[in-house]
Amino acid sequence: MAATKADRSKPKSAKASKIPQEETGPGPAVNPIEARIAPLKARLTTHPVYASLKSVEDVRIFMQHHAFAVWDFMSLLKALQRDLTCVTVPWKPAGSPLTRRFINSIVLEEESDEADGRPASHYELYLVAMREVGADTAPIEGLVAAIDGMASLPAALSRKDVPPAAREFVRTTFDFVASGKPHVIAAAFTYGREEPIPDMFRALLGGLAREGAKLDTMQLYLERHIHLDEHDHGPMAQAMLSELCGTDSAKWREAADAAALALEARLSLWDGVVATIDTA
C-alpha cells in the first residue's frame, strides 16, 4: 500500500525480508527479492486496470493518473545520478564506471530522447500523448509548476486537482528519495519501475488496441519503454543494485522492502484508476 502521512522521513517496510545470510552475495541475493515480489508482479500484470480501458474517456482518466508516475520517475533517476555519479564542481571520479555509464545513458534517454527526430523528455512526450487523446494535463502541469524544491512539494501535492491515488504514489516515491540510501532508491527504481515495465506496458497496449482514438504517441511511448527496459535498462539496473548491496545482508533486506513497497504503491495507483473509471 502507499505510504501514509504519518511518517514521510523514510520508506516504510513491507513484511520483513527473508534473505538468508549465506545468500547475500552480489548474484544469489537478487533471487530472494524476485521470489518475494513475484506475487506482487503477478497481480500487477493481471490488474483489472488494463481491461477497464473500454472508452476514450477511460483512457483519459488512466493517463491523468499515470502522468504523475511518468513525472516522478525522473526524481528517482536524478537521485541516483546525484548519489552514484559526480554532479558537483570540481569534478572527480565517483562510484563504479559501469554504474556511471548506465545512469548517464538512461538520463540521456529519459531527459532528451529522440521521438520522431525531435529531442524531448519522456515526460514531455507523455504530455503530447495526453493532448492527442484529449486528456487533461492541467493537474500534472500545475503540480510541476508549483514545485520549487523539496520544501514546496507537500503543498503542491495538496492541490485539489491532484488525483488522491496519484498523490499517494508520488509521496511514496519521494519517501524513497528522502531515505538518502542509494540501495533503497535503486531497489525502488529497479523493481518498481524498470523491471516490471515491459509486461505492464504490453498489457496496456492490449487495452489501448481496442480504442479507435488517436493514440499514436501513447503507443510510441509504451513501445519505446518496452524495448529500452527489457533489453537494456532492466538488466543493468539489477547489476547496479547488486553492486550497491554487495554482501551486506542488511542492505539486501532494505532493498527487498523497498522493492515490495514500490510495487504495492503501483497497485494502489492502478486501484485508484479503476475506482475513478467505475464512478465516472
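Since the structure is predicted, the reported quantities are computational estimates derived from the model, not experimental observations. (Residues numbered from 1 in each chain as written. Predicted model: local features only at pLDDT ≥ 70, side-chain atom pairs only at ≥ 80, totals over all residues. Heavy atoms only, no water.)

K.L.:
Where do I start with the nonpolar core in this structure?
P.N.:
Formed by 88 residues in total, the largest nonpolar core has its most connected members in F62, M63, Y126, F189, M218, M240 and W270. Aside from chain neighbours lying at most four places away, what touches W270 is L44, H47, V49, Y50, F62, H66 and M200. (Core = buried A, V, L, I, M, F, W, Y, C linked by side-chain atoms within 4.5 Å. Buried < 20%, exposed > 50% of the residue type's maximum accessible area, 1.4 Å probe, protein only. Contact = heavy atoms within 4.5 Å.)

K.L.:
Please explain the confidence of the model for the protein chain as it appears in this structure.
P.N.:
Keep in mind that low pLDDT regions are not for reading the predicted coordinates in detail. Here the protein chain averages 85 in pLDDT, and 86% of its residues register 70 or above. Across the protein chain, the element-wise mean pLDDT spans from 81 in strand β1 (residues 113-115) up to 98 in helix α7 (residues 164-178). Contacts for the low-pLDDT stretch residues 1-29, under 50 throughout, to residues beyond four places or in other chains number 69 contacts. (pLDDT = per-residue confidence, 0-100. Helix = DSSP H or I, 4+ residues; strand = E, 2+ residues; numbered from the N terminus.)

K.L.:
Would you take a moment to explain the environment of F176 for this structure?
P.N.:
Structurally, F176 is set in helix α7. As for F176 and A188, which are separated by 12 residues in sequence, their C-alpha atoms are 7.2 Å apart.

K.L.:
How should the pattern of salt bridges be read in this particular structure?
P.N.:
Opposite charge on two side chains lets them pair, provided their charged atoms get close. Throughout the structure, instances matching the rule amount to 12 salt bridges. Among the ionic pairs, D161 bridges to R159, the shortest N-O distance being 3.2 Å. Residue class for R159 comes out partly exposed when judged on its relative accessible area of 30%. Put simply, K181 and E254 hold a salt bridge, and the shortest N to O gap is 2.6 Å. Here K181, found in the loop between α7 and α8 (182-194), pairs with E254, found in helix α11 (residues 249-279); they are 73 residues apart in sequence, far enough to count as distant. Classification of K181 by relative accessible area gives partly exposed; the value is 32%. In the salt-bridge network here, residues are joined through shared partners; they are E34, K41 and E195. (Salt bridge = Lys/Arg side-chain N within 4 Å of Asp/Glu carboxyl O.)

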